[in-house]
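Descriptive structure summary
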Amino acid sequence: MGHPVAGLALWPLSPSWHHAAMDHQGRFRRAALASGIPDDEASRFLQHLRLSIRLSGGSGGVPVGQFGGLPRLPVGMDWPSAGVTLLPFIFSVDCAALPRIDGFSLPADGSLLFFLEHEQDHLAAGEQNYGRVVYVPPGTDTEVAAGSTDSPTTGDQYDVHATLRPEYPDWFGADGDEEEEDEDDLSPFQQQLARDLERDLPHLDELRALADDLWPPFDRLASAYIGGYADEEVIRGIAEQTLAWREKTGEIVIPIAKWYSHLEKEMHQLTSEWVSLARFPAADEFYYGSFVIRQDDLAAGRLDKALSVTEFSE
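Here is a short report on the structure shown in this document.

Reading the values: rules and limits
Residues numbered from 1 in each chain as written. Predicted model: local features only at pLDDT ≥ 70, side-chain atom pairs only at ≥ 80, totals over all residues. Heavy atoms only, no water. Helix = DSSP H or I, 4+ residues; strand = E, 2+ residues; numbered from the N terminus. Buried < 20%, exposed > 50% of the residue type's maximum accessible area, 1.4 Å probe, protein only. Contact = heavy atoms within 4.5 Å. Areas by Shrake-Rupley, 256 points an atom, 1.4 Å probe, with all protein chains shown as cover. Pairing = 2+ DSSP bridges. Salt bridge = Lys/Arg side-chain N within 4 Å of Asp/Glu carboxyl O. Core = buried A, V, L, I, M, F, W, Y, C linked by side-chain atoms within 4.5 Å. Expected span 1.5 Å × (residues − 1). Arc of directions from axis to C-beta. Phe/Tyr/Trp six-rings, centres within 6.5 Å; stacked < 30°, edge-to-face > 60°.

The helix and strand tally for the protein chain stands at eight helices and 15 strands. Going through the 314 residues of the protein chain one by one, you find that 46% of them count as buried. Across the protein chain, the fraction of contacts at a sequence separation of at least 24, relative to all contacts at a separation of at least 6, is 76%. Accessible surface computed for the protein chain: about 16100 Å², of which carbon and sulfur atoms make up 50%.

For Ala299, the location among the structural elements is in helix 8 (residues 295-299). For Ala299, a relative accessible area of 42% gives the class partly exposed. Counting along the chain gives 196 residues from Ala299 to Gly103, while the straight-line C-alpha distance between them is 8.5 Å.

To continue, consider the side chain of Ser92. Of note, Ser92 is situated in strand 7 (residues 89-94). The contacts of Ser92, once residues within four sequence positions are left out, are Val64, Gly65, Gln66, Leu112 and Leu113.

Of all seven residues in strand 2 (residues 50-56), seven are buried; the element is thus mostly enclosed. Going residue by residue along strand 2, you find Arg50, Ser52, Arg54 and Ser56 tucked away on one face and Leu51, Ile53 and Leu55 tucked away on the opposite face as well. Pairing of strand 2 with strand 11 (residues 158-167), which is carried by seven bridges, proceeds in the antiparallel orientation. When the bridges of strand 11 are listed, Arg50 appears paired with Glu167. Sheet topology places strand 2 next to strand 12 (residues 222-226); four bridges connect them, and they run antiparallel. In the strand pairing of strand 12, Leu55 is matched with Ala224.

Turning to the pattern of salt bridges, a few remarks are in order. For the coordinates displayed, the defined rule picks out 12 salt bridges. The partner of Arg29 in a salt bridge is Asp39, with the nearest N and O atoms 3.2 Å apart. Taken together, the residues span a long stretch of sequence, with Arg29 in helix 1 (residues 24-34) and Asp39 in helix 2 (residues 39-46) at a distance of 10 residues. For Asp39, a relative accessible area of 33% puts it in the partly exposed group. Residues Asp196 and Arg199 are paired through a salt bridge, measuring 3.4 Å at the closest nitrogen-oxygen approach. Of this pair, Asp196 and Arg199 both sit in helix 4 (residues 188-200), three residues apart, which is roughly one turn of that helix.

In terms of nonpolar packing, the biggest core is built from 48 residues, with Phe28, Phe45, Leu55, Phe91 and Ile226 touching the most fellow members. When residues of this core are assigned to their parent elements, the largest contribution, five residues, is made by helix 5 (residues 204-214). The contact partners of Phe45, leaving out residues within four places of it in the chain, are Phe28, Tyr168, Phe172, Leu201, Leu204, Leu207 and Arg208. Among the nonpolar cores identified, the runner-up in size contains 14 residues, and Val234, Ile235, Leu270 and Val292 belong to it.

Under the 1.5 Å per step criterion, the end-to-end length of helix 4 is 18 Å for 13 residues, consistent within 8% with the ideal 18 Å. Every buried residue belonging to helix 4 is among Gln191, Leu193 and Leu197, and all of these are buried. Take helix 4 and look down its axis: the buried residues cluster within an arc of 160 degrees, on one side only. Across from the buried face of helix 4, at angles greater than 90 degrees, the exposed residues are Pro188 and Arg199. Contacts made by the buried residues of helix 4 are with helix 5 and helix 7 (259-273).

The tally for this structure, following the rule as stated, stands at 14 aromatic pairs. Ring plane angle 20 degrees and centroid distance 4.5 Å describe the contact between Phe91 and Phe114, whose orientation is recorded as stacked. Linking Phe91 in strand 7 with Phe114 in strand 8 (residues 111-116), this pair joins segments that are 23 residues apart in sequence. The buried category is assigned to Phe91, whose relative accessible area is 0%. Taking the centre distance of 5.9 Å and the plane angle of 75 degrees together, the rings of Phe91 and Phe280 count as edge-to-face. Taken together, the residues Phe91 in strand 7 and Phe280 in strand 13 (residues 274-281) connect sequence positions 189 residues apart. Assigned by exposure class, Phe91 and Phe280 land together as buried.

Taking 1.5 Å per residue, 15 residues should reach 21 Å; helix 7 reaches 21 Å between its end C-alpha atoms and fits that length. The complete set of buried residues in helix 7 reads Leu263, Glu264, Glu266, Met267, Leu270 and Thr271. Each element contacted by the buried residues of helix 7 is listed here: strand 2, helix 4, helix 6 (232-248) and strand 13.

The following block contains the structure:
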């Protein structure tokens with residue numbers, strides 16, 4: 001998107017990085033073939049499967065990051081702020097300790113620190129920045145930031161561990177625990193997606209079950225997710241503002257009766273183009289914080305194009 005998006009906060013960050021991903025797709029493909037599923041169907045399924053990194057507290061493996069407490073910032077760096085308002089520190093991760101995921105271009109090393117003032121971010125109309133991500137390259141001299149652990153800018157400190165989970169786009173069909181929508185309740189565009197899905201992935205249920213076997217559900221409460229699909233409402237907001245921008249600049253003209261149809265198609269396209277950088281519940285549980293970015297911007301290190309979005313929890 002080559003224009004500002006009103007109502008969404010931007011943050012500057014522009015490192016360049018690349019890392020080698022683990023062969024999760026190869027592992028899945030081999031398991032699918034062993035189950036008798038054709039390779040071309042497994043390939044089509046993999047075009048939609050994304051793995052996200054689930055961050056959870058408690059024991060289990062090597063810690064990959066820290067929630068709450070005081071952050072480690074580069075020596076001499078001020079605590080991120082929006083004017084005179086210090087932004088609460090949410091969590092940090094050691095990039096070298098995180099699992100590598102096919103097609104998700106996080107830095108191979110160094111650390112990422114997330115800051116968000118969720119209430120102000122929710123109310124912001126784009127003129128102020130209440131979400132920030134700080135990338136600390138490897139080898140940087142750091143120190144624990146000055147501050148009090150009793151401050152509103154810090155939460156209870158604990159280590160987090162990483163596991164992987166499979167994710168799919170919202171239009172991909174209900175999982176085994178949900179009742180599928182009646183076709184009559186679907187729009188023509190959604191009905192076409194459902195028909196295409198049934199045609200292209202006749203073994204969809206088996207493929208989803210296979211992914212759950214490879215990356216099983218985790219019964220521990222998640223503190224955050226890194227990667228995966230951006231929330232549908234976030235995509236909807238970007239799509240609405242993208243279409244409105246195109247209309248305003250005269251690029252397109254959308255009849256009122258066709259608005260929802262255009263919106264559906266725009267959301268479908270944006271779902272493939274955008275990725276979630278981080279998602280987490282806010283401390284007061286009434287809000288949910290989210291950082292999203294276009295996949296090509298992430299791969300090219302153009303994190304100045306990223307957006308922070310805070311929503312009410314459902």
